[in-house]
Every structure is written in C-alpha cells, then in structure tokens.
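# Fold and contact review
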Amino acid sequence: MIDPEIKRELAGYRQSIDNIDAALVHMLAERFRCTQAVGVLKAKHNLPPADPAREEYQIERLRHLAKDANLDPDFAEKFLNFIIKEVIRHHEAIAADRTQSAGTVGTTHSA
C-alpha cells in the first residue's frame, strides 16, 4: 500500500503535469493560429512559404532559452524543427489553394 502522504504528493505532481499539458496545447494552438495568418499574408503577397533566416534565428533563440531552463537544447531544437516543418507545410498548402483559386476565378464548369 502506498503511503497517503506519497500518494498526495504524486497526485500534486500529476495535477501540475496535466495543467502544463493543457497550457502547452493552448499555446501551440495560438502559435499555429498566428502562423496560419502569416501563411495567408505570405500567399496574398506571393512571398515564399519558408524563411530560412527566421528559422535559424528561432532555433538559436530556442536553444539559448532551453539552456537557460536546464532543458536539452537538442530536444528543444528537434521540437521547433517539427513545428517549423508543419508551419511550412501549411504555408505551402495555403499558397497552393490560393494559386488554384486564382486560376479558377471567372471560369465555369459544366457537367
């Protein structure tokens, strides 16, 4: 049987973890909402989906933040690279949709 004090302490840690997970999901959702808007803006003005200089800056910044927080910078970089790849994929899809929509404006389709 687990000591009740240990059980309470464990429950407290687990509650904190659950709260952090919820906050992370909401923060990621907001991040993707903002990057979606960036993708629309880029597509509207025919800007490239990827921005290597911005990505490099973000990675360097995140690695520095990770070190300051005693988090493995390699893990932080891998996580950000995953996010960047998803953002670029979404930006490319937005651009493709915009191009396709522009190509069909004013055309009629017959069955």
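Residues numbered from 1 in each chain as written. Predicted model: local features only at pLDDT ≥ 70, side-chain atom pairs only at ≥ 80, totals over all residues. Heavy atoms only, no water.

### Considerations on unusual backbone geometry
Glycine aside, a negative phi is what most residues show, and trans is what most peptide bonds show. Just so we agree on the cut-off: Here a helix means four or more residues in a row that DSSP labels H or I, a strand means two or more in a row labelled E, and each is numbered from the N terminus. Three exposure classes are used, based on accessible area relative to the maximum for each residue type with a 1.4 Å probe and protein chains only: buried under 20%, partly exposed in between, and exposed over 50%.
In this model, N46 sits at a positive phi of 55°, which is unusual for a non-glycine residue. In this structure, N46 sits in the loop between α1 (4–44) and α2 (52–68). Judged by its relative accessible area of 70%, N46 falls in the exposed class. Even without a glycine there, the phi angle at N70 is positive, about 60°. Within the secondary structure, N70 is located in the loop between α2 and α3 (73–104). Residue N70 is classed as exposed on the basis of its relative accessible area of 76%.

### Overview of α1
We apply this condition: By this rule the span expected of a helix is its residue count minus one, scaled by 1.5 Å.
The end-to-end C-alpha distance of α1, which contains 41 residues, comes to 60 Å, matching closely the 60 Å that a straight helix rising 1.5 Å per residue would cover. Taken residue by residue, α1 has T35, G39, K42 and A43 as its buried positions.

### Digging into the side chain of H91
Rule in force here: Two residues form a contact once any of their heavy atoms are found within 4.5 Å.
By the secondary structure assignment, H91 is in helix α3. For H91, the contacting residues outside a window of four places in its chain are T35, V38, G39, K42 and P49.

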